[in-house]
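Breakdown of the fold
For reference, the chains in residue letters:
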Amino acid sequence: MAILKDESIQLREIARQLRLTACCSEDLLGRVVTGGYAGDLMSDVIAHSKSGDVWVTMQVHTNTVAVAVQKGLAAIIVSHGREPEADTVRMAAEHNVALLVSGLPTFATVAGLARLGIS
């Protein structure tokens, strides 16, 4: 499935297509994704990600949620099948941050997002 630049895609469709597991409330999967960002360096994500982006990272600690809230990100996708810490899941739920897990490596997760038209 590919989307045109002026179309949008919901997290629910991304999760289905890429076989992602939601760690928090499934109501958050109705969010629209407008772009994507991949990186593990918090300062880089703060400097370059945009509101509405889905963020792919291997980081599993609570700072990821703080960054997602600050930047207004649509979701965090933790790659490589890494499991977010319990405090991270709790904090994501408290702050309405969609938190998903991909069993794929970061590169493959980002490639999947690109196939769906996320850039």
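Conventions and cut-offs
Residues numbered from 1 in each chain as written. Predicted model: local features only at pLDDT ≥ 70, side-chain atom pairs only at ≥ 80, totals over all residues. Heavy atoms only, no water. Helix = DSSP H or I, 4+ residues; strand = E, 2+ residues; numbered from the N terminus. Salt bridge = Lys/Arg side-chain N within 4 Å of Asp/Glu carboxyl O. Buried < 20%, exposed > 50% of the residue type's maximum accessible area, 1.4 Å probe, protein only. Core = buried A, V, L, I, M, F, W, Y, C linked by side-chain atoms within 4.5 Å. Contact = heavy atoms within 4.5 Å.

**Let's talk about unusual backbone geometry**
- Here the phi dihedral of histidine 80 falls at roughly 65°; this positive angle occurs in a residue that is not glycine.
- Inspection of the secondary structure assignment puts histidine 80 in the loop between strand 6 (75-78) and helix 4 (86-94).
- Of note, the phi angle at asparagine 96 is positive, near 55°, even though the residue is not glycine.
- Counting through the fold element by element, asparagine 96 comes out in the loop between helix 4 and strand 7 (98-101).

**Looking at the pattern of salt bridges**
- Under the defined criterion, the tally for this structure stands at two salt bridges.
- Salt-bridge contacts for glutamate 13 lead to arginine 16; the nearest nitrogen and oxygen are separated by 2.8 Å. Here glutamate 13 pairs with arginine 16, and both are found in helix 1 (residues 11-18), just three residues apart, close to one helical turn.
- For arginine 16, a relative accessible area of 55% gives the class exposed.
- With its nearest N and O atoms 2.2 Å apart, the salt bridge here joins aspartate 87 to arginine 90. Of the two residues, aspartate 87 and arginine 90 both sit in helix 4, three residues apart, roughly one turn of that helix.

**Examining the nonpolar core**
- One finds Leu11, Ile14, Val33, Val54, Leu100 and Leu113 to be the most contacted residues of the largest nonpolar core, which totals 19 residues.
- Those elements that provide at least two residues to this core are helix 1, strand 5 (53-57), strand 6 and strand 7.
- With four residues, the top contributor of residues to this core is helix 1.
- Contact partners of isoleucine 14, with chain neighbours within four places excluded, come to Ile9, Arg19, Leu20, Val33, Leu113, Leu116 and Ile118.
- Counting residues in hydrophobic clusters, the runner-up holds 16 residues, among them Cys24, Leu73, Ala92 and Val101.

That's the geometry; what it means functionally is another story.
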